[in-house]
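Per-entry structural report
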Amino acid sequence: MASTLTALLYLGTLPKPTIWAEPGSAIPWWTSVTIWHQGSLEAREYRLLKEGKLETWDTQKPPEPGDKANFFIRYMRVIHTGRYRCDYLSPTGWSEPSDPLELVVTGLQNKPQLSALPSPVVASGGNVTLQCASWLGFDRFVLMKEGERQPSSTLVSQRAPSVGSQALFLVGPVTPSLRWTFRCYGYYNNTPQIWSYPSDPLELRVSGHKNRKILIGVSVTFLLLLSLLLLLLFLLIRHQHQKKMLQVRSGSVAPVQEENQSNQEGGSWWETGRSTSAGFRTSHENCQICVIPDAEVRESQPEEDKQMDSQATASEDPQDVTHAQLKGLNLGQGTSAPPSSQSTEPAAEPSVYAAVAIH
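A few points on the structure. Just so you know, these numbers come straight off a predicted model, no measurement behind them.

This part covers the state of the cysteines. Inspection of every chain in the model, using the stated rule, returns one disulfide. Each sulfur of the disulfide joining cysteine 132 and cysteine 184 lies 2.1 Å from the other. The sign of the S-S torsion, about 80°, decides the handedness of the disulfide formed by cysteine 132 and cysteine 184: right-handed. Taken as a pair, cysteine 132 in strand S12 (residues 128–134) and cysteine 184 in strand S17 (residues 181–187) lie far apart in primary sequence, 52 residues in all.

Printed below as a string of structure tokens:
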């Protein structure tokens, strides 16, 4: 009658508290563990209850009302093993107890062996059998998945001639989205909260998943290298184009300047000839007998004089010949004709050319 009345008082009044242990419920010998409680924001006091004990195991009164409290165990020993519950006190009374938390100590017996049958490589979505075995004759075996606070499964051991005692755990379906790493423990029925050392970790691998990861990594690397190569090629082409444009710009100015300079210095061919001829006449106007190079005389002689000079030269010994220009009007033979009246150049005085042989 009293329990029914208590349940009616709890019903619909206060939320049920939760309890958990960090880093987990299986604690190695002589290591620390924290038991957490979570209740209501109106909670003023928390109690830690242990099954088999009439008195409260521990009590905590926060300085201010809050929905969490923790109980710290510095060194985990056998006396700390067992089932725990918690409740809290609010202005309306005590809450109902939480679900039980079983706290065990590990590392007091040798570890079992964990293996996958037939292989730890599993197809995606497939199942696999994990074998936990030991020669110590454990009564039960516990399978724990990494990252989970509570055991995944607990099985009664079976006798096996090849391994002593064993338990076969069916695991699956295995998917690549989760990590599948397991350990197992063994214990005896008379000490259910005292477990062995954990087995070595066993990680299940999804077939083809690693190859896909490698393929994806290679593809990403190839794309990055290709992008880098294209970028370098673009920069090289851009540099070559800019270099060519600079050469074109610098080359388009130089030829024009050279052409203008040549035109200013030389002028046209006929202006050059006129200036040369005028210079020739001007330089020799005041001399009675001037020695001039043979080439210049030949260029300025009339055709008949050139023939006479060639005949005279052929009849003499091959010696150096120098032409002299004789200035005077009384020499009529070999007189060059005056320039045409159509020429714009001023008329020059007639000149007589003769070949002088120097011995």
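All right, on to the pattern of salt bridges then. Two side chains of opposite charge can pair, provided their charged atoms sit close to one another. Following the criterion strictly, the structure yields five salt bridges and no others. Glutamate 51 serves as the salt-bridge partner of arginine 85, at 3.6 Å between the closest nitrogen and oxygen. Taken together, the residues span a long stretch of sequence, with arginine 85 in strand S7 (residues 82–90) and glutamate 51 in the loop between strand S4 (45–50) and strand S5 (58–60) at a distance of 34 residues.

Let us now look at the sheet that holds strand S3 (residues 33–38). Within a sheet, neighbouring strands are paired by backbone hydrogen bonds and run either parallel or antiparallel to one another. An order of S1-S3-S6 is seen for the three strands of this open sheet, with the pairing classed as antiparallel. The sheet terminates laterally at strand S1 (18–22) and strand S6 (68–73), the two strands that pair on one side only. Averaged over neighbouring strand pairs, the angle between their axes works out to 20° when direction is ignored. As judged from the five bridges shared by S1 and S3, these two strands associate in the antiparallel manner. Within the sheet, the bridge partner assigned to alanine 21 lies in S3 and is isoleucine 35.

About the thresholds
Residues numbered from 1 in each chain as written. Predicted model: local features only at pLDDT ≥ 70, side-chain atom pairs only at ≥ 80, totals over all residues. Heavy atoms only, no water. Disulfide = S-S within 2.5 Å. Helix = DSSP H or I, 4+ residues; strand = E, 2+ residues; numbered from the N terminus. Salt bridge = Lys/Arg side-chain N within 4 Å of Asp/Glu carboxyl O. Pairing = 2+ DSSP bridges. Axes fitted to C-alpha atoms, helices over the stretch in contact; angles between N-to-C directions.

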